[in-house]
Amino acid sequence: MHFDPSSDEPAISATGIRKHFGDVRALDGVDLEVAQGTVLGVLGPNGAGKTTAIRILTTLLRADAGSARVAGLDVVDDAAALRAKIGLAGQYAAIDENLTGVENLVMVGRLYGMSRADAKVRAGELLEGFNLSDAGDRLARTYSGGMRRRLDLAAALVARPPVLFLDEPTTGLDPRSRIELWETIELLVGEGTSVMLTTQYLDEADRLADRIAVIDLGKVIAEGTAAELKSRVGGLRVEAHLADPADGDEAARALAPMSDEQPSIEGDLVRIRVASETGAIMDAVRRLDSAGVAANDISIKAPTLDDVFLTLTGRELVAAEADGDTGEHEEAAR
Amino acid sequence: MRRFLDDTLVLAERNLKRLPRQPDLAIGFTIQPIMFVLLFAYVFGGAIVTPGFDYIDFLIPGIIVQNVAFGGFVTALGLSEDLNKGLIDRFRSLPTSRASVLAGRTLADVVTNFIGVVILLVTGLIIGFSFMTGAAQVVGGILLLLLFGFASSWIFAVIGMSVSSPEAANGIGFTLIFPITFISSAFVPVDSMPDALQAFAEVNPVTILVDAMRHLWLDTPAGNNVWGAVVWALVLIAIFAPIAVAKYRKAASR
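Note that the structure is a prediction, hence the values are computed from the model and not measured. (Residues numbered from 1 in each chain as written. Chains lettered and ligands numbered in written order. Predicted model: local features only at pLDDT ≥ 70, side-chain atom pairs only at ≥ 80, totals over all residues.)

### Here's the deal with the overall build of chain B
- Scanning chain B from terminus to terminus reveals twelve helices and zero strands.
- Order of helices (α) and strands (β) in chain B, N terminus to C terminus: α-α-α-α-α-α-α-α-α-α-α-α.
- Over its C-alpha atoms chain B spans a radius of gyration of 18 Å, differing by no more than 12% from the 18 Å that the globule rule assigns to 254 residues.
- Dimensions of chain B, computed from C-alpha atoms along their principal axes, come out at roughly 60 × 35 × 35 Å.
- Per-residue burial over chain B gives 48% buried out of 254 residues. (Helix = DSSP H or I, 4+ residues; strand = E, 2+ residues; numbered from the N terminus. Rg over C-alpha atoms; globule rule 2.2 N^0.38 Å. Buried ≥ 20, exposed ≤ 12 C-beta atoms within 10 Å, placed from the backbone.)

Here is the structure:
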């Protein structure tokens, strides 16, 4: 599935991509790179510019400035050849509801230049792989949301593209369909497909992506593995929910020796950084017990990508989405 | 070029397949035109004076032209739906010839227009229409209709690529096509209209096509109407097809 296994040219590389819509800067100098056979998760709130980036890399939109190569081909100069090497599954299941599942896939196959017979064989393989064989002869308008997304992803894979673009592939799916789609994507990556995936879900980026680019207001504000990004917001911490919030100071004094940093107190919650998981909970229990402080719950928390986003932007992902002016970016980006 | 033709046929096939599966659309181009023929023939027919003709004979070429002028409507509606559902994005991300998505639409319209013409001719023949010319002119007339319908489809393609929703395509299509087909010789003799409308009707390509059809089917004097209609159709295609393709290239799914 590698487009050129002998070369170590990245599957996707973009440099200094800018795009504005009227006064809105949807992308403001974005650099991205995806090594062959890996997954880049592009994480950001609605309106951050994720979809605009995908549209530029899939030749649907032309950047105002900057350059990009996908599968070794330039997105502007080699656009036609490039389209034969990519698959795109957008935010909306782009399927024809008045065709059956088989007809949808055969149509896409023939538009990739396959013969009718080859397209039919490939459609059969994909429907089987996506657990849609039984529904293959039904009109797509009778499909559930999860089935539509699977058919849409299958359509993106008809030509076995070495580079796959997935724009928020699980938005709006129920938890089970989500996990099934994740498993499918992991399988493809296992076979060597390179993937760029946008998401607003941290768990999705955490699970699927080898590297993550955090994008906000048209700029990449951080890039690295999930572990690297998490380490930027500090390590592990022990959190204790006290039975009586009035015991906060007492508990903090008792736990303080566990760390170089002072514990923080928020209502009934006391937090303290620790160097290692091992023994930390037992230690905390003993210290609180001997100080005579009762706790309802003591746990170890690792930093999440939520924490990363909060640290990098000063906003939570959900709050960033509610931001009035970012909504316009999204409108423009479409 | 080979690629363009293959892709166009694949997409035309797709557009035709969906018609019987969308009964509301199918009714639009089968039952509705029949209803119009019957309404015009029996409600207005008695009141409209058409010297030298039975009104049925006068009406059938006119109403078939109107039907063909509206035929491209399926293209506007379909493109607008494809834009809204993200299908245009999918097509544009495929190694497909760029004009084939539009040509697949307008070509499918030629087929649906042909079905419409046959349905209306059969209806007309049942209620008393008769050809006054030979088979060659009858077939020539049908080909001329299909060419003009194809031109109209490219105008509708531009509408479909320009509006924000299928509903808007509907509204704009009707507002545009109704006056153009009515202020013509399709339903009444042009000299019965007020001067201003008469002036418009006389240069209206719909009038030119209707008069050409009456020449080919009813043996009225030809004038320059047949060639005029062919030239009009080619000019409309030459103007609107490039605009539609340019809009497609820039299209962003909504």
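Read on for the rest.
### Details of the overall build of chain A
- The secondary structure content of chain A amounts to 13 helices and 14 strands.
- In terms of overall dimensions, chain A has C-alpha extents of about 75 × 45 × 45 Å along its principal axes.
- Split into buried and exposed, the 334 residues of chain A put 45% on the buried side.
- Considering only intrachain contacts with a sequence separation of at least 6, the fraction spanning at least 24 residues in chain A is 69%. (Contact = placed C-beta atoms within 7 Å.)

### Brief notes about the interface of chain B and chain A
- Counting residues at the interface gives 19 residues for chain B, matched by 25 residues for chain A.
- When residues of the side of chain B that touches chain A are traced back to their parent elements, those giving at least two are α1 (2-18) and α6 (87-93) of chain B.
- Across the side of chain B that touches chain A, the residue classes tally to five nonpolar, four polar and ten charged. (Nonpolar A, V, L, I, M, F, W, Y, C, P; charged D, E, K, R; others polar.)

### Comments concerning the domain arrangement of chain A
- Its domain assignment divides chain A into domain 1 (12-230) and domain 2 (237-301).
- The straight-line distance from the C-alpha centre of domain 1 of chain A to that of domain 2 of chain A is 44 Å. (Domains from an automatic or database assignment.)

### A closer look at the packing of helix α3 (residues 31-44) of chain B against helix α4 (residues 55-71) of chain B
All names here are of chain B.
- Look at α3 against α4: their axes get within 10 Å of each other, and the N-to-C directions meet at 145 degrees. Seen from above, α3 lies across α4 with right-handed handedness. Packed against α3, whose contacting residues are P33, F36, V37, F40 and A41, the element α4 presents Y55, I56, L59, I63 and N67 at the interface.
- Looking at the contact of α3 with α4 residue by residue, the class counts come to nine nonpolar, one polar and no charged. (Axes fitted to C-alpha atoms, helices over the stretch in contact; angles between N-to-C directions. Left-handed = near helix turned anticlockwise from the far one by under 90°.)

### Re the confidence of the model for chain A
Residues and elements named next belong to chain A.
- Scored by pLDDT, chain A comes out at a mean of 86, with 93% of its residues at no less than 70.
- Considering each helix and strand of chain A separately, the mean pLDDT is smallest for helix α13 (residues 324-333), with a value of 37, and largest for helix α3 (residues 101-111), with 96.
- Here residues 323-334 is modelled with pLDDT under 50, and outside its nearest four sequence neighbours on either side it reaches 24 contacts, counting other chains as well. (pLDDT = per-residue confidence, 0-100.)

### Observations regarding the packing of helix α5 (residues 145-157) of chain A against helix α6 (residues 175-190) of chain A
Residue and element names in this part refer to chain A.
- The contact between α5 and α6 brings their axes to 10 Å, and the two run at 15 degrees. Here α5 lies roughly parallel to α6, going by the angle between them. Of the two elements, α5 crosses α6, and the hand of that crossing is right-handed. Side by side, α5 and α6 meet where G146, R149 and L153 of the first sit next to S177, L181 and T184 of the second.
- Each residue belonging to the contact of α5 with α6 can be placed in one class, and the counts come to two nonpolar, three polar and one charged. (Parallel < 35°, antiparallel > 145°, perpendicular 65-115°, else oblique.)

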